[in-house]
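Chain by chain, the residues:
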Protein chains: 2
Amino acid sequence: MSLQGIRVIDLTRIIAGPFGTQLLADLGADVIKIETPAGDPLRAQGEKVNDFSWYFAGYNRNKKSVALDLRNPEGMKVLKRLLKDADVLVENFRPGVLDKMGLSKDVLEEINSNLIICSISGFGADGPYSQRPAFDFIAQALSGFMSVTGEADGPPLRTGLPISDLVVGLYSALAISSRLVGRQKDDGTGVQYIDIALTDSMVSFLSFQAANFLAAGIEPKRSGNDHQLVAPYGLAETADGSVAFAPSNDGVYKKFLKVLDMEYCLEDDRIDTNAKRMKNSAIVKELFEPVFKTQTSAYWIEKMNAAGVPVGPVLSVPEVFEDPQIQHREMVMDVDHGDRGSVKMLGFPMKFSHDPCTVRETAPDLGQHGEETLLEAGYTEVEIAELRESGVLKDV
Amino acid sequence: MSLQGIRVIDLTRIIAGPFGTQLLADLGADVIKIETPAGDPLRAQGEKVNDFSWYFAGYNRNKKSVALDLRNPEGMKVLKRLLKDADVLVENFRPGVLDKMGLSKDVLEEINSNLIICSISGFGADGPYSQRPAFDFIAQALSGFMSVTGEADGPPLRTGLPISDLVVGLYSALAISSRLVGRQKDDGTGVQYIDIALTDSMVSFLSFQAANFLAAGIEPKRSGNDHQLVAPYGLAETADGSVAFAPSNDGVYKKFLKVLDMEYCLEDDRIDTNAKRMKNSAIVKELFEPVFKTQTSAYWIEKMNAAGVPVGPVLSVPEVFEDPQIQHREMVMDVDHGDRGSVKMLGFPMKFSHDPCTVRETAPDLGQHGEETLLEAGYTEVEIAELRESGVLKDV
């Protein structure tokens, strides 16, 4: 695996950080999840089977767990010892907390001058909002991302999934991986700090809406499922459901008309250019909607795709997992979890021809790898027993 | 920079691929954008200033451009020569096209057995849908991502930004970077193929909605800006606009009530547990909505944040770029483009303490680096002139 042998000390909880370190773990890194003796709150969230959260299972596969009381100075000593031989430290405390815990830049530099430290926060490590409490929803709202999602006559809408947590997790894994390439070429640059914010991550996704506003002052608007520049485009009801269709330019629009057997529309001077179709979108809808309703979704998808027109089903989550393409791509996996039975979870979106991602280890029990990890770090059995008795180390 | 010295040959166009290679370029890679003599269609899209698309500028900074006619065998020869010394090839043709162009696995293996090849496609390199025409909107619909976005009584809604193009771009940059780490440790494994699909990428974002469905059969539903598990949560109108608020658990809910001076709600047995508040969400809204309207957004944001309650503004894209935090974080940059003037574009979400991302080079003119790149690859001035005259090489 690509990141085999890379040791990551993971202080993150809930989603954003753990998703980033799950990506690193899936790519082969040796991720040590440091938990409080109470454990990552995610262990208690989501639906459980055999008293085991499948939500937790998906975000913590391929990781090891060491449960340490970091408010106890002895616990902090253990963490520092683990950091000595680590390549990466990831944390998602509020900015400044790491420092207060006793892990200031100077201290970290002294422990391991080759360490890559990635901090994930709501608004970033600096700036006027850095100390504000953060949450995915707040980042979606503040970044402008919500402002362009929703119906034209409705309010700004968040996505139903915590998109900013997921995007920031991806950015953290990318920043860390890229730096591991750099470090290998150029040792001895000292501790590298990487600072990634939920809000910045979502702002970086504003794409053409940002470019067109910055270039020409065009204020982005919400337009539901309609495109802001192309018509027709959107959802259409069929005989048995609905399909998404996106004839993205004039060439594809002609193919679209041919499949519908409506090539006479090319002569209709109310809708014979994209600009007119945007303006007369009500006419466009009136023309095409009844035709889509005459056949099933499967019919339109097959005919349109054969003609080169992007058309696809609008699937619910249960339908996604029944879809032959999604199944073929193993985007839902059945993973044996021993006594807990088989756990279904999302698959790997990065498909490598050599050394593909696999579930090497299922999500750990709280503190499952405490003894093993401390022995590796040079602790004796007696020292480990003492840490256990004093409540600094919790293991199974 | 982290990826300095890494040579990427980039055959991608439009957004998904170019966003991935822009991330690699921002991280220091030497990205050679191979364009047709007509150029990346994105050059003609988006609002222009001084006949220059700012949309194109943002996605192609830090890259070089070589314009080659790859349908001419001489053009393909040039590409093969460039691949000899490259580390990475990225492409987003439909699966099978690379092969038809003459770049089969065997040929690539022979040219450069250390090459990392990343293919981005709509549905993936294999499976029943691999040959379907793809588009961001279709991937949002098919992946189930749309099914959970939208009002409870409305249709599934796409995000206003091409989220699947952006997420797949991020995954491609991560997969490539991680593999560069692996390759350095373990040379000689032969060509590595990485296959990444828009649909798989979005399925991998189904998060707790997928986990809860797979564990307990709970079908994810749309709920607008309301949370599916926590109340109150959502948007509230204030005296001068609206705010997003997310008191994520009982502890934060108490702080929220204190700021509103409504602690008596703790005694109201219609809403004294989260479960009851979810059930009686109409009562919850009736109680809180009028109070939010008595003060400005700024007032609530300040008071709530000081108390530890996540509350933030809902910003439009123009407002985002005026926001002090976003400005502090340099998420919009003013980049000197010589004769084209100053171009505003999105900043870098990955903030590195050493060797931060910078704009080393502005987006290239079509074919701007043809001569330079071919000279580096060992072509003589005479050979380059011949390629230019025969129309194989287009440069400025």
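Please read these numbers as outputs of a predicted model, since none were measured by experiment.

Thresholds applied
Residues numbered from 1 in each chain as written. Chains lettered and ligands numbered in written order. Predicted model: local features only at pLDDT ≥ 70, side-chain atom pairs only at ≥ 80, totals over all residues. Heavy atoms only, no water. Helix = DSSP H or I, 4+ residues; strand = E, 2+ residues; numbered from the N terminus. Buried < 20%, exposed > 50% of the residue type's maximum accessible area, 1.4 Å probe, protein only. Areas by Shrake-Rupley, 256 points an atom, 1.4 Å probe, with all protein chains shown as cover. Lys, Arg positive; Asp, Glu negative; His and termini not counted. Charge placed at Lys NZ, Arg CZ, Asp CG, Glu CD. Phe/Tyr/Trp six-rings, centres within 6.5 Å; stacked < 30°, edge-to-face > 60°. Lys NZ or Arg CZ within 6 Å of the ring centre and 35° of its normal. Least-squares fit on C-alpha atoms with pLDDT ≥ 70 in both. Contact = heavy atoms within 4.5 Å. Buried area = accessible area lost by both parts, 1.4 Å probe. Salt bridge = Lys/Arg side-chain N within 4 Å of Asp/Glu carboxyl O. Polar contact = N/O pair within 3.5 Å; in protein donor to acceptor, adjacent residues only side chain to side chain. Nonpolar A, V, L, I, M, F, W, Y, C, P; charged D, E, K, R; others polar. Pairing = 2+ DSSP bridges. Core = buried A, V, L, I, M, F, W, Y, C linked by side-chain atoms within 4.5 Å. Axes fitted to C-alpha atoms, helices over the stretch in contact; angles between N-to-C directions.

Participant: Account for the overall build of chain A, naming residues and giving values.
Facilitator: Scanning chain A from N- to C-terminus turns up 17 helices and 15 strands. Each principal axis of the C-alpha distribution contributes one length, and for chain A these read about 85 × 50 × 40 Å. Within chain A, the proportion of its 396 residues that are buried is 59%. Within the structure as shown, chain A displays about 14,900 Å² of accessible surface, and the carbon and sulfur contribution to it stands at 48%. A distance of 3 Å separates the average location of the 40 positive side-chain charges in chain A from that of its 57 negative side-chain charges.

Participant: Tell me about the packing of aromatic side chains, and please be specific about residues and values.
Facilitator: Applying the stated rule across the entire model yields 32 aromatic pairs over all chains. Aromatic side chains Y299 of chain B and W300 of chain B sit 5.0 Å apart centroid to centroid with 85° between the ring planes, which places their arrangement in the edge-to-face category. Feature note: the residues F245, Y253, F256, F288, F292, Y299 and W300 of chain A constitute an aromatic cluster, connected by ring pairs. The positively charged end of R81 of chain B is found above the aromatic ring belonging to Y379 of chain B, 3.9 Å away from the centroid. Lying over the aromatic face of Y253 of chain B, R277 of chain B brings its terminal NZ or CZ to 3.6 Å of the ring centre.

Participant: Now, about the relation of the copies chain A and chain B: what can you tell me, with residues and values included?
Facilitator: If you rotate chain A by 180° and push it 0.0 Å along the axis, it lands on chain B with an RMSD of 0.0 Å. Given the turn and translation reported, the copies of this chain are related as if by a two-fold rotation axis.

Participant: Now, about the interface of chain A and chain B: what can you tell me, with residues and values included?
Facilitator: Contact residues are listed per partner, giving 137 residues for chain A and 137 residues for chain B. Counting the surface lost from both chain A and chain B, the interface buries some 11,900 Å², and carbon and sulfur atoms represent 68% of this. Between chain A and chain B we count eight salt bridges in total. Of the charged contacts, one joins R329 of chain B and D126 of chain A as a salt bridge, the two residues approaching to 3.0 Å between their closest N and O atoms. Inspection of the chain A/chain B interface yields 50 residue pairs in polar contact (both at pLDDT 80 or more). Looking at the side of chain A that touches chain B element by element, the count peaks at 16 residues for helix α7 (residues 163-185) of chain A. Of the residues assigned to the side of chain A that touches chain B, the class counts are 81 nonpolar, 40 polar and 16 charged. Alignment of strand β14 (residues 351-352) of chain A against strand β8 (residues 192-197) of chain B, held across two bridges, turns out to be antiparallel. Paired with K351 of chain A across the strands is D195 of chain B, a residue of β8 of chain B.

Participant: With reference to specific residues and values, describe the nonpolar core.
Facilitator: F205 and F321 of chain A together with F205 and F321 of chain B are the most contacted members of the largest nonpolar core, which has 162 residues in total. Not counting residues up to four positions away in its chain, the partners in contact with F205 of chain B are F19, L161, I163, L166, V167 and L170 of chain A together with F145, V167 and Y171 of chain B. Of all hydrophobic cores here, the second largest spans 29 residues; its members include V66, V78, L89 and Y193 of chain B.

Participant: Kindly report on the sheet that holds strand β15 (residues 393-394) of chain B, identifying the contributing residues and their values.
Facilitator: Through backbone hydrogen bonds, the strands of a sheet pair up, either in parallel or in antiparallel fashion. Pairing is mixed in the open sheet, where eight strands are placed in the order β14(A)-β8(B)-β7(B)-β6(B)-β1(B)-β2(B)-β5(B)-β15(B). Two strands in the sheet have a free side with no partner beyond their single neighbour: β14 of chain A together with β15 of chain B. In the sheet, strand β5 (residues 63-68) of chain B pairs with β15 of chain B via two bridges, with the strands oriented antiparallel. Its bridge partner being in β15 of chain B, A67 of chain B is matched across the sheet by K394 of chain B. Its contacts with the sheet put helix α1 (residues 16-26) of chain B on β1 (7-10), β2 (30-35), β5, β6 (88-91) and β7 (116-121) of chain B, and the angle it makes with β5 of chain B is roughly 135°.

Participant: Summarise the sheet that holds strand β11 (residues 311-313) of chain A; cite the residues concerned and give the values.
Facilitator: All names here are of chain A. Reading across from one edge, β9-β10-β11 is the order of the three strands in this open sheet, with antiparallel pairing throughout. Each having just a single partner strand, β9 (234-237) and β11 make up the two edges of the open sheet. When the angles between neighbouring strand axes are averaged without regard to direction, this sheet yields 35°. Two strands pair when backbone bridges link them, and β9 and strand β10 (residues 242-245) are joined in this way by four bridges, in the antiparallel orientation.

Participant: Any chance you could break down the pattern of salt bridges for me, citing the residues and the numbers?
Facilitator: If you walk through the whole model with that rule in mind, you get 42 salt bridges over all chains. R277 of chain A is the salt-bridge partner of D250 of chain A, the closest N and O atoms lying 3.3 Å from each other. Linking D250 of chain A in helix α10 (residues 250-260) with R277 of chain A in helix α11 (residues 274-279), this pair joins segments that are 27 residues apart in sequence. Residue classification places R277 of chain A among the buried positions, given a relative accessible area of 2%. Of the charged contacts, one joins D26 of chain B and R61 of chain B as a salt bridge, the two residues approaching to 2.8 Å between their closest N and O atoms. Of the two residues, D26 of chain B is situated in helix α1 and R61 of chain B in the loop between α2 (54-59) and β5; the sequence distance between them amounts to 35 residues.

Participant: Would you mind going over the pairing of β5 of chain B in detail, with residue names and values included?
Facilitator: Residues and elements named next belong to chain B. When you tally the buried positions in β5, you get six out of six residues, the bulk of the element. Judged by which residues are buried, β5 turns out to be covered on both faces: K63, S65 and A67 on one side and K64, V66 and L68 on the other are all buried. Pairing between β2 and β5: five bridges, direction parallel. Note that in β5 the partner of I32 across the bridge is K64.

Geometry only, nothing functional implied.
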